[in-house]
Amino acid sequence: PADDVAVRNKCEELSHVTFADAQPLLDGIHTLSSMNADTQRSYRRIGLEAISRREVGIIIMAGGQGTRLGSDKIKGAFDIQLPSHKSLFQVLCERMLTLQRLAGPSAIIPLYVMTCDLNETETRIFFEEHNFFGLDPTAVLFFSQGVLPCVDMTTGGFLRDENDMISASPNGNGGIYQALSETGMLRDMTQRGVKYLHAFSIDNILCKVADPLFMGLCISQHADCAAKVITKRHPHERMGVLCRDSAGRPGVVEYSEITEEQACLRIPGPKGACEGEAPLAFRGACICNHFYSLEFLQECVQLVSRMKLHIAKKQVPFREDGRIKQPTGNNAFKIELFFFDVLEFTRHFCALEVGREEEFSPVKNATGGDSPQTARDALSALHARWLEAAGGRTTGEGLVEISPLLSYEGENLNFVAGKSFQRPVCLSAPEEATQKE
């Protein structure tokens, strides 16, 4: 049908969109490495005070499966083979517990876990089986994101699934806004007195949940939305970067939507600056780590219809002649919304550039880059630095793991001063030893 052909052509067009008029976003970015200690302490104090007043909530985007990791489990349940064998969910939730303790006895951080129809039940059961990892069960809520249909790349019609229904896939992390509204999560946040939210993806093992410094910075800047970024390693690293559109509004341009000229553009330093390659202009790489005021998050619900559609070409099993066929190549357009596409509607946006080694190591692939191996190594290197900064040292080979119940960001390790530890090292909190007994 003519309508199907039009859909196919539009999807093909959107899959090749580039934003040649995008400009680098160079202002409003705070760099942690150049922030003095007093300023850091001030922001951290503001963040901890907000947490102690129960004004901060956390949203974990956990709608993905572990398929690319070779697992049939939800991604949050994945064991990256740390010495403790803790799952991604356990590591992040235990960080929450320690942060609550640092903020004071009255602190409770409500957790909102975004799932999808395919894994919501499995996610709920996983939390129940692990006693919510020590969190208050009444402060852990689950909600499911929506779906969008998969479009046949050849015909423009909708693919059919094993039940002969229209094949659909999760509508991207940008589906968070409508899902929060339709499932009553925004209403729950309001009733609890939450004012600020930290939203991030489940797959980053180094994520500093509700980072009090980041929260404090955003609160003090009166930001309605903010993002953590890292510096791109090279022009062609497959990460979206901060930009400004032709109207000067903040946004993010994906690696597939940026031109070669933009990707390689560099900012020349001032005359007389040190020699070396000038930094990339589009260098603020987004790590799926955002701050929202609740007020802006509520506004985002009304903005969904104005958000861009992003098209990805994927392999999707489909029903034909009464049976399911596995494609040998990309056969479908998947339609997604990206949660950073609301940035253009912000009134007060800021960004915090952080160190990759301290805050970003995602688990996306079974092997190679962004794999369990690289995540293990990154966490081990970070924890080894914590141990050495506290006056300890390690010998031999193997991983270093410090329980998130023991330390949130390197504090509470005075007991290691002057001691030597044989790798592999796994330092646990006293309550974990009690549980094992």
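Here, the structure is the one placed above.
Throughout what follows, the structure given in this document is the object of discussion. (Residues numbered from 1 in each chain as written. Predicted model: local features only at pLDDT ≥ 70, side-chain atom pairs only at ≥ 80, totals over all residues. Heavy atoms only, no water.)

A few points about the packing of helix α2 (residues 37–52) against helix α3 (residues 88–103)
Point 1. At a minimum axis separation of 9 Å, α2 and α3 run at an interaxial angle of 100 degrees. In terms of orientation, α2 lies roughly perpendicular with respect to α3. Two secondary-structure elements touch here, α2 through Leu48, Ile51 and Ser52 and α3 through Leu99, Leu102 and Ala103.
Point 2. Of the residues assigned to the contact of α2 with α3, the class counts are 5 nonpolar, 1 polar and no charged. (Axes fitted to C-alpha atoms, helices over the stretch in contact; angles between N-to-C directions. Helix = DSSP H or I, 4+ residues; strand = E, 2+ residues; numbered from the N terminus. Parallel < 35°, antiparallel > 145°, perpendicular 65-115°, else oblique. Contact = heavy atoms within 4.5 Å. Nonpolar A, V, L, I, M, F, W, Y, C, P; charged D, E, K, R; others polar.)

Points about the side chain of aspartate 224
Point 1. One can find aspartate 224 in the loop between α7 (212–220) and β9 (225–231).
Point 2. Here the side chain of aspartate 224 touches arginine 347 through a polar contact of 2.9 Å, landing on its backbone nitrogen.
Point 3. Beyond its immediate stretch of four places on either side in the chain, aspartate 224 contacts Phe291, Tyr292, Ser293, Phe296, Thr346, Arg347, His348 and Phe349. (Polar contact = N/O pair within 3.5 Å; in protein donor to acceptor, adjacent residues only side chain to side chain.)

Overview of α7
Point 1. Among the 9 residues of α7, 8 are classified as buried, and the element is accordingly described as predominantly covered.
Point 2. Taken residue by residue, α7 has Pro212, Leu213, Phe214, Met215, Gly216, Leu217, Cys218 and Ile219 as its buried positions.
Point 3. Its side-chain oxygen 3.1 Å from the backbone nitrogen of leucine 213, aspartate 211 forms the N-cap of α7.
Point 4. Immediately downstream of α7, the backbone of histidine 222 shows phi near 55 degrees, a positive value. (Buried < 20%, exposed > 50% of the residue type's maximum accessible area, 1.4 Å probe, protein only.)

Observations concerning α3
Point 1. A rise of 1.5 Å per residue sets the reference length of α3, with its 16 residues, at 22 Å; its end C-alpha atoms lie 23 Å apart and thus fit the reference within 8%.
Point 2. Among the 16 residues in α3, 13 count as buried, and that is most of the element.
Point 3. At the C-terminal side of α3, glycine 104 shows a positive phi close to 125 degrees. (Expected span 1.5 Å × (residues − 1).)

Looking at the state of the cysteines
Point 1. Under the counting rule described, the total for this entry stands at 0 disulfides.
Point 2. The closest cysteine sulfur to the non-disulfide-bonded cysteine 264 is located on cysteine 243, 17 Å from its own sulfur.
Point 3. Cysteine 225 supplies the cysteine sulfur nearest to cysteine 300, a cysteine that is in no disulfide, at a spacing of 6.7 Å.
Point 4. Note on cysteine 300: relative accessible area 0%, which makes it buried. (Disulfide = S-S within 2.5 Å.)

Overview of the packing of α2 against α7
Point 1. Where α2 contacts α7, the axes come no closer than 6 Å and their chain directions differ by 90 degrees. When the axes of α2 and α7 are compared, the pair comes out roughly perpendicular. For the pair formed by α2 and α7, the contact residues are Gln40, Tyr43, Arg44, Ile46, Gly47, Leu48 and Ala50 on the first element and Pro212, Leu213, Met215, Gly216, Leu217, Ile219 and Ser220 on the second.
Point 2. Residue classes in the contact of α2 with α7 are distributed as 9 nonpolar, 4 polar and 1 charged.

Remarks on the pairing of strand β12 (residues 284–293)
Point 1. Most of β12 sits inside the fold, with 9 of its 10 residues counted as buried.
Point 2. Here strand β8 (residues 196–201) runs beside β12; their pairing, made up of 5 bridges, is antiparallel. Residue phenylalanine 200 lies in a different strand from β12, and its bridge partner there is asparagine 289. (Pairing = 2+ DSSP bridges.)

Remarks on the packing of aromatic side chains
Point 1. Within the structure shown, the criterion is met by 9 aromatic pairs.
Point 2. The interplanar angle of 80 degrees and the centroid separation of 5.2 Å between the aromatic rings of phenylalanine 127 and phenylalanine 133 together place this pair among those described as edge-to-face.
Point 3. We classify phenylalanine 133 as buried; its relative accessible area is 8%.
Point 4. Relative to phenylalanine 340, the ring of phenylalanine 338 has its centre 5.4 Å away and its plane inclined at 65 degrees; by these criteria the two rings are edge-to-face. Of the two residues examined, phenylalanine 338 and phenylalanine 340, each falls in the buried class. (Phe/Tyr/Trp six-rings, centres within 6.5 Å; stacked < 30°, edge-to-face > 60°.)

A word on the nonpolar core
Point 1. If you look at the biggest cluster of nonpolar residues, it comprises 79 residues, and the most contacted ones within it are Ile58, Ile60, Phe89, Leu111, Phe127 and Phe291.
Point 2. No other element matches α3, which puts 8 residues into this core.
Point 3. Each residue touching phenylalanine 291, except ones within four places of it in the same chain, is listed here: Tyr196, Leu197, Phe214, Met215, Cys218, Ile219, Ala223, Asp224, Cys225 and Ala226.
Point 4. Core analysis: the second largest hydrophobic core is formed by 41 residues, Tyr112, Val229, Phe296 and Leu303 among them. (Core = buried A, V, L, I, M, F, W, Y, C linked by side-chain atoms within 4.5 Å.)

Some points on the pattern of salt bridges
Point 1. Considering all chains together, one arrives at 26 salt bridges under this definition.
Point 2. Here lysine 75 makes a salt bridge to aspartate 203, at a shortest N to O gap of 3.9 Å. Residue lysine 75 is located in the loop between β3 (56–61) and α3, and its partner aspartate 203 is located in the loop between β8 and α7; the two are separated by 128 residues in the primary sequence. Summarising the burial analysis for this pair, lysine 75 and aspartate 203 share the class buried.
Point 3. Arginine 385 is the partner of glutamate 358 in a salt bridge, and the nearest nitrogen-oxygen pair spans 3.4 Å. Taken as a pair, glutamate 358 in helix α10 (residues 356–359) and arginine 385 in helix α11 (residues 372–389) lie far apart in primary sequence, 27 residues in all.
Point 4. Looking at glutamate 358, the relative accessible area reads 34%, which means it is partly exposed. (Salt bridge = Lys/Arg side-chain N within 4 Å of Asp/Glu carboxyl O.)

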